[in-house]
Amino acid sequence: MFKTRILLGLVLVSVISAVLWLDHRYQATWGFAGILVLVCTGGLYEYARLLSRPDLRLPAIELALLGGAFLLLQIAQPPHGGEYLLPLVALVVVLLLSEGVFRGDPNRSESAVLSIAGLVYVCFLASFVTRIRFFDGFGEAAFFWFLAVNKVTDSGAFFAGKTLGRRKLCPNVSPGKTWEGSFGGTIAGVGAGMVVWSVSPMRDVFPWWAILLAAIPASVSGQVGDLVESLFKRKAGQKDSGALLPQFGGFLDLLDCLLLSAPFSYYALLWMPRVQ
């Protein structure tokens, strides 16, 4: 189990690194855009499937396509997504809510509310990943820092919990997670962030103590994001959001820690003092 998780993790890191290197080599953003839109549309589809039930259907395919369109518009006008995006989002929200009202169907209204929540949960939070990627002057380094902090936190918490875990962190939501695993993951994630800082242009932008402080909320909020997704899966009675990869689950399982961490990471980097 450990070997499979490590091997697949290395493969994913290698593929993502290769795509982002090609972006850097050819001064493009299509690789980043493709990965983000693919994972987020897949995550929205899984979100809709998780929250659907026999008497309530969320439009999984339509929601995924709509979310993908929102993200493409946001990426097309970095770093803030273009002035036309918010009116478009408002229009979609009004249309979704109006459908349930005019049809007089309470389930339609509930479906609309859950669909809007899914767009906020996945697309709005993922839009901060785009903002991190397009930070002026050090966007690529900031993106790798963000990924390193969160994914190393995730792996560190897994291994620390397996070897040292004693006290349950949130047994009603995710019985396997422990306080020891959480602390171990935070230490590992902060350490990974410091390594990226030390070998990247971020070293010329932030003092070491500022990037260390920024990594702590990024790591902790990512773990909260993992618990949020666990709550969805527990409500649906499923172990994983999908069956994309063994030991990793589905698209939403790959995204969970990144979604809640993205706004914290973005504003931490935005507000931290910089080298004078």
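The structure displayed is predicted, hence computed values, not measured ones.

### Quick look at the overall build of the protein chain
Check the secondary structure of the protein chain and you find nine helices and two strands. Each helix (α) and strand (β) of the protein chain, taken in turn from the N terminus, gives the series α-α-α-α-α-α-β-β-α-α-α. Taking all 276 residues of the protein chain together, the buried fraction comes to 48%. For the protein chain, the share of sequence-separated contacts (at least 6 apart) that also reach a separation of at least 24 residues comes to 70%. Just so you have it, the protein chain exposes about 14,300 Å², and 69% of that area is on carbon and sulfur atoms.

### Concerning the state of the cysteines
Under the counting rule described, the total for this entry stands at zero disulfides. Distance from the sulfur of Cys40, which forms no disulfide, to the nearest cysteine sulfur (Cys123) is 6.3 Å.

### Remarks on the pairing of strand β2 (residues 174–178)
Strand direction decides the pairing type here: strand β1 (residues 168–170) and β2, joined by two bridges, are antiparallel. By the bridge assignment for β2, Lys168 is matched with Thr178.

### A few points about the pattern of salt bridges
Under the criterion given, the structure shown has eight salt bridges. Here Asp226 and Lys177 are joined by a salt bridge, their closest N and O atoms 3.7 Å apart. With Asp226 in helix α8 (residues 208–236) and Lys177 in strand β2, this residue pair connects regions lying 49 residues apart in the sequence. For the salt bridge of Lys233 with Asp253, the shortest nitrogen-to-oxygen distance reads 2.9 Å. With Lys233 in helix α8 and Asp253 in helix α9 (residues 251–271), this pair connects stretches of sequence that are 20 residues apart. Here the two residues Lys233 and Asp253 agree in accessibility, since each one is buried. Through salt bridges with shared partners, one network takes in Arg53, Asp55 and Glu110.

### As for the confidence of the model for the protein chain
For the protein chain, the mean per-residue pLDDT works out to 85, and 86% of the residues sit at or above 70. The secondary structure element of the protein chain with the lowest average pLDDT is helix α4 (residues 85–103), at 67, and the one with the highest is helix α7 (residues 179–198), at 96.

### Regarding the nonpolar core
Ranked by internal contacts, the top residues of the largest apolar core, which has 67 residues, are Tyr47, Tyr121, Trp145, Phe146, Met202, Phe206 and Leu269. Contributing elements (two or more residues each) for this core: α2 (30–51), α3 (60–76), α5 (106–133), α6 (139–164), α7, α8 and α9. Residue contacts for Met202: discarding those within four places in its chain leaves Phe138, Ala141, Ala142, Trp145, Trp197, Ile211 and Leu269.

### Examining the environment of Lys177
What makes Lys177 partly exposed here is its relative accessible area of 24%. It is 6.6 Å that separates the C-alpha atoms of Lys177 and Gly161, two residues lying 16 residues apart in sequence. Aside from chain neighbours lying at most four places away, what touches Lys177 is Arg167, Lys168, Leu169, Cys170, Asp226, Leu227 and Ser230.

Thresholds applied
- Residues numbered from 1 in each chain as written.
- Predicted model: local features only at pLDDT ≥ 70, side-chain atom pairs only at ≥ 80, totals over all residues.
- Heavy atoms only, no water.
- Helix = DSSP H or I, 4+ residues; strand = E, 2+ residues; numbered from the N terminus.
- Buried < 20%, exposed > 50% of the residue type's maximum accessible area, 1.4 Å probe, protein only.
- Contact = heavy atoms within 4.5 Å.
- Areas by Shrake-Rupley, 256 points an atom, 1.4 Å probe, with all protein chains shown as cover.
- Disulfide = S-S within 2.5 Å.
- Pairing = 2+ DSSP bridges.
- Salt bridge = Lys/Arg side-chain N within 4 Å of Asp/Glu carboxyl O.
- pLDDT = per-residue confidence, 0-100.
- Core = buried A, V, L, I, M, F, W, Y, C linked by side-chain atoms within 4.5 Å.

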